[in-house]
Amino acid sequence: MKIHVNKTVPIEFSQVVKAYQKVRRGGKAAGIDQESWTEFDKKLQDNLYVIWNRMASGSYHPQAVREVEIPKKDGKKRKLGIPTLRDRIAQQVVKDYMEKKVDRLFHEHSYGYRPLKSAHDALEQVRQNCYKQDWVIDMDIAGFFDEIDHQVMLKAVEHVMEEKWVKMYVSRWLEMPIQTADGSLRLKQGKGTPQGGVISPILANLYLHFTLDLWLARNYPDVRFVRYADDVVVHCHTKEQAEAVLEAIRDRLGQVKLQIKEAKTRIAYCKDYKRKQAHENVKFEFLGFSYQPRKRISKYDGKPFMAFTAEISPSNQKKIRQVIRELKAWDNTRIDVTDLANLLNSRLRGWINYYGKYSNRTLERNLAKIDQRLIKWISKKHKLGYRASYRKLQVIRQENPTLFYH
């Protein structure tokens, strides 16, 4: 049956199909309607047609967002908002449309959630900036996604998108209520966009583009900065400049309904063999890496020297060891070693591809915990002593050197 569409919004069916293909590869968590991808795919063409019909006629209205809590490093909980599968597809349609027009406007050193830019690009730029400028503002914005002001956000959207239907849909997604764990609904009250929504990253970039990036570039052209979503590092020439810029940023964020998280914001000194001032803080963390003074060996004369460089942060090293230690399969001697490899390899691949950028030796030391656990598992499974288990592991390695990703 053909659905008649009173087309007031220029969205094509092909855009909805492409959006579905993108979000289908992502998360599987269901929204408040509990619809799974398996159920959605049973009537795929019809479901996509309904989404297109409603979006193209301007009559698409999102459902509430399901709130879930995930643990943070500091023991607190981070709240995520899980839209329904249909809302994810609809948001992806608008995100794709906006991205073609908006992304080229963003600052070159804004890296988060952007095509052709990565966390590794941001990490490398921070490393280069540390060579050129001695002082760093390591800054954290308090509850950024929860505090985004809707009026400021919509003003930014209107400034870069002349299409009224884009603002209309963004407004509807901003206003979506939150369904808490007990089933009750919480209204947004003019602020916040769910961390977990498909549209949220590009809205976050747009918000901070106007409220922070452009402001920094215009008012402090001699400082350098790197921003990955709401994670910001600002590089300054002197301590006095860093203190002045940090105070100015506090005021600026206050003007746009945001504030710095003081407990996680600090000024750090990039101390190395040339820069020898005394300062209480000579390290900072960014995107899972710790930048701090470390001993290195010169490639030219083989002598040690002090460099200021990046390495996997202590907290993330601890997390890797914890994941390895708490794998339940270590207690199961009925499975085969290939089953262990299958359980671990996706994590190993992620750790090595990401942290191996600057931390090969440190990562190797942490991943050695896997070999230690394998020896114990072999000992339990085959009732062997340590040496015999070690030799058996060596044989497994020789026979299948690519069994484990590391």
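In what follows, the structure referred to is the one given above.
Owing to the predicted nature of the structure, the values given are computational and were not obtained by experimental measurement.

Colleague: Just to check I follow, could you spell out the nonpolar core for this structure?
Modeller: Soluble, globular proteins show a tendency: their nonpolar side chains are buried together. I89, M98, V234 and I249 are the most contacted members of the largest nonpolar core, which totals 73 residues. Take this core: its biggest share by element is nine residues, from helix α9 (residues 200-219). Not counting the four nearest positions on each side in its chain, I89 is found in contact with V16, A19, Y20, V23, W37, F40, L48 and I51. Counting 45 residues, the second largest nonpolar core, distinct from the first, contains Y355, Y358, I375 and L403.

Colleague: What exactly am I supposed to notice about the pairing of strand β1 (residues 65-71) here?
Modeller: When a strand is regular, its side chains alternate between the sheet's two faces. As defined by bridge partners, β1 adjoins strand β4 (residues 178-179) across two bridges and the pair is classed as parallel. Each bridged residue has a counterpart across the sheet, and for R66 the counterpart in β4 is Q179.

Colleague: How should the pattern of salt bridges be read in this particular structure?
Modeller: Working definition: two side chains of opposite charge can pair if their charged atoms are close together. Applying the stated rule across the entire model yields 19 salt bridges. With its nearest N and O atoms 3.1 Å apart, the salt bridge here joins D134 to R275. Here the residue D134 occupies a position in the loop between α5 (119-132) and β3 (135-140), and R275 occupies one in the loop between β8 (266-269) and β9 (284-286), the gap between them amounting to 141 residues. The exposure class of D134 is partly exposed, given its relative accessible area of 23%. Because the salt bridges share partners, they merge into one network encompassing D134, D272 and R275.

Colleague: I'm lost on a nonpolar patch on the surface in this one. Help?
Modeller: Among the surface-exposed residues, Y273, F305 and M306 lie close enough to one another that they form a single nonpolar patch of about 260 Å² accessible area. Under the relative-accessibility criterion, F305 is labelled partly exposed at 31%.

Colleague: When you look at the sheet that holds strand β11 (residues 304-312) in this model, what are you seeing that I'm missing?
Modeller: Strands belonging to one sheet form pairs held by backbone hydrogen bonds; the direction of such a pair is parallel or antiparallel. Strand order in the open sheet formed by three strands is β9-β10-β11, with antiparallel pairing between adjacent strands. Either end of the sheet is taken by a strand with one partner, and the two such strands are β9 and β11. Within the sheet, the average angular offset between the axes of one strand and its neighbour, ignoring direction, is 50°. Strand direction decides the pairing type here: β9 and strand β10 (residues 289-297), joined by three bridges, are antiparallel. Looking at the pairing, E285 lines up with S290 of β10. The sheet contacts of helix α11 (residues 314-325) involve β9, β10 and β11, and relative to β11 the element is tilted by about 55°.

Rules behind the numbers
Residues numbered from 1 in each chain as written. Predicted model: local features only at pLDDT ≥ 70, side-chain atom pairs only at ≥ 80, totals over all residues. Heavy atoms only, no water. Core = buried A, V, L, I, M, F, W, Y, C linked by side-chain atoms within 4.5 Å. Buried < 20%, exposed > 50% of the residue type's maximum accessible area, 1.4 Å probe, protein only. Helix = DSSP H or I, 4+ residues; strand = E, 2+ residues; numbered from the N terminus. Contact = heavy atoms within 4.5 Å. Pairing = 2+ DSSP bridges. Salt bridge = Lys/Arg side-chain N within 4 Å of Asp/Glu carboxyl O. Patch = residues over 30% accessible without salt bridge, like charges linked within 9 Å, V, L, I, M, F, W, Y side chains within 5 Å. Areas by Shrake-Rupley, 256 points an atom, 1.4 Å probe, with all protein chains shown as cover. Axes fitted to C-alpha atoms, helices over the stretch in contact; angles between N-to-C directions.

From the geometry alone we can't say anything about function, so treat these as descriptive.
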